[in-house]
Amino acid sequence: MKFAVIVFPGSNCDIDMYHAIKDEIGEEVDYVWHDADNLENYDAILLPGGFSYGDYLRSGAIARFSNVMKEVVKAAEQGKPVLGVCNGFQVLLETGLLPGAMRRNDSLKFICKTVPLTVENNETMFTNGYEKNDVIQIPIAHGEGNYFCDEETMITLKENNQIVFTYTDENPNGSVENIAGITNEAGNVLGMMPHPERAMDTLLGSEDGKKLFQSIVKHWREKHVVNA
Ligand SMILES: NC(=O)CC[C@H](N)C(=O)O
């Protein structure tokens, strides 16, 4: 299976994402610069965290117009797994691949710490390795993680089981309904503020992020590899 890590000017979690796939999961992965115009060779697309285009206007608002985003939309329409972490989530919201919007944290402060998350839906291609209601430890690091959507969207999110992760104890940023991660309606695009690629090794505090990437690989193998 081959992953693409999309790199924008200002991305800063791309190397962690690459390391997670190559060294921890053991799958093929390439860095793909934001001006790329073809993602056909990739089976899954990863949008890493950071400060694309310096977070000017709003986080993700400029990256959304990058050449490569047309290809990311195409990949999403083809049903490929598309994962946006932190700034990647913000870019997916700005692109319209996920519903809702991101606001400044209610504290107006940048928050960097490990938080417990509840796995609300383990029936996605990103979470099949977890149990429902598992509580996992994943770091957050953001200033704009306060997810918001209108009531109508919230009803749809709930009806379709699109809320995948919630903050377990305290809500660190003011996000509606404690939302930490959602999918699109089809279930193949996941945006999440916490960083699973920073939770790949107990030496660094947690390896609870590993199952997320393993889930993607498992799903892909079941679909594409005979006798997987
Ligand atoms: N780690 C990140 O991706 C930072 C996200 C973002 N630009 C923010 O501060 O909200």
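Source: prediction; values computed, not measured.

**Details of the environment of G60**
- Relative to the helices and strands, G60 resides in the loop between β3 (44-47) and α2 (67-77).
- On the basis of neighbour counts, which here come to 27 C-beta atoms within 10 Å, the residue G60 falls in the buried class.
- Expressed as a C-alpha distance, the spacing of G60 and G50, which sit ten residues apart in the sequence, is 9.6 Å.
- Among residues more than four places away in sequence, those in contact with G60 are S52, N87, Q90, V91, L93 and E94.

**Quick notes on the site of the ligand**
- Residues in contact with the ligand amount to 14 residues; listed here are only the nearest, G49, C86, N87, G143 and E144.
- Class assignment of the residues belonging to the shell around the ligand gives a composition of five nonpolar, seven polar and two charged.

**Digging into α2**
- Among all positions of α2, only V68, M69, E71, V72, A75 and A76 are buried. The arc that holds the buried residues of α2, viewed along the axis, is 155°, so those residues lie on one side.
- Next to the buried residues of α2 lie β1 (2-7), β2 (28-33), β3, β4 (82-85), α3 (87-95) and β11 (189-192).
- Where α2 ends, the next residue or the one after it, G79, has phi of about 90°, a positive value.

**Re the UniProt feature "active site" (unreviewed entry) in the protein chain**
- The UniProt record marks C86, H195 and E197 with the feature "active site" (unreviewed entry), using the residue numbering of this structure. For this annotated set, covering 112 residues, all C-alpha atoms fall within 11.0 Å of each other, a compact arrangement in space.
- On the secondary structure map, H195 appears in the loop between β11 and α5 (210-224).
- By C-beta crowding, H195 is classed as buried, having 24 other C-beta atoms within 10 Å.
- Not counting residues within four places of it along the chain, the set of residues in contact with H195 comprises C13, G49, V85, C86, I138, P139 and A141.
- By secondary structure assignment, the location of E197 is in the loop between β11 and α5.
- On the basis of neighbour counts, which here come to 28 C-beta atoms within 10 Å, the residue E197 falls in the buried class.

**Overview of the sheet that holds β3**
- In space, the nine strands of this open sheet follow the order β2-β1-β3-β4-β11-β10-β9-β6-β7, with mixed pairing throughout. A strand with exactly one partner marks an edge of an open sheet, and here the two such strands are β2 and β7 (135-142). Strand-to-strand twist across the sheet, computed as the mean angle between neighbouring axes with direction ignored, equals 25°.
- In terms of strand pairing, β4 meets β11 through four bridges, oriented parallel. Looking across to β11, one finds that L83 is bridged to L190.
- Where α2 meets the sheet, its contacts fall on β1, β2, β3, β4 and β11, and the angle it forms with β4 comes to roughly 125°.

**Things to note about helix α1 (residues 14-25)**
- Between its first and last C-alpha atoms α1 spans 15 Å; for twelve residues at 1.5 Å apiece the expected length is 16 Å, and the two agree.
- Taken together, the buried residues of α1 touch β1, β2, β3 and α5.
- Among the residues trailing α1, G26 stands out with phi positive, at a value near 80°.

**Considering the confidence of the model for the protein chain**
- Within the protein chain, residue pLDDT values average 97, and 99% of them lie at 70 or more.
- Complex prediction metrics read pTM 0.97 and ipTM 0.94.

**What about the environment of P139?**
- Mapped onto the elements, P139 comes out in strand β7.
- Between the C-alpha atoms of P139 and T114, which are 25 residues apart in sequence, the distance is 3.8 Å.

**Details of the pairing of β11**
- Burial of the side chains of β11 extends over both faces: V189 and G191 are buried on one face and L190 and M192 on the other.
- Of the pairings in the sheet, the one linking strand β10 (residues 179-183) to β11 comprises three bridges and is antiparallel in character. If you follow G181 over to β11, its bridge partner there is M192.
- The loop that links β10 with its antiparallel partner β11 comprises five residues; one of these, G187, has a positive phi angle of about 90°.

Cut-offs applied
Residues numbered from 1 in each chain as written. Predicted model: local features only at pLDDT ≥ 70, side-chain atom pairs only at ≥ 80, totals over all residues. Helix = DSSP H or I, 4+ residues; strand = E, 2+ residues; numbered from the N terminus. Buried ≥ 20, exposed ≤ 12 C-beta atoms within 10 Å, placed from the backbone. Contact = placed C-beta atoms within 7 Å. Near = placed C-beta within 6 Å. Nonpolar A, V, L, I, M, F, W, Y, C, P; charged D, E, K, R; others polar. Arc of directions from axis to C-beta. UniProt positions renumbered as here; feature names shortened; annotations may be inferred. Pairing = 2+ DSSP bridges. Axes fitted to C-alpha atoms, helices over the stretch in contact; angles between N-to-C directions. Expected span 1.5 Å × (residues − 1). pLDDT = per-residue confidence, 0-100.

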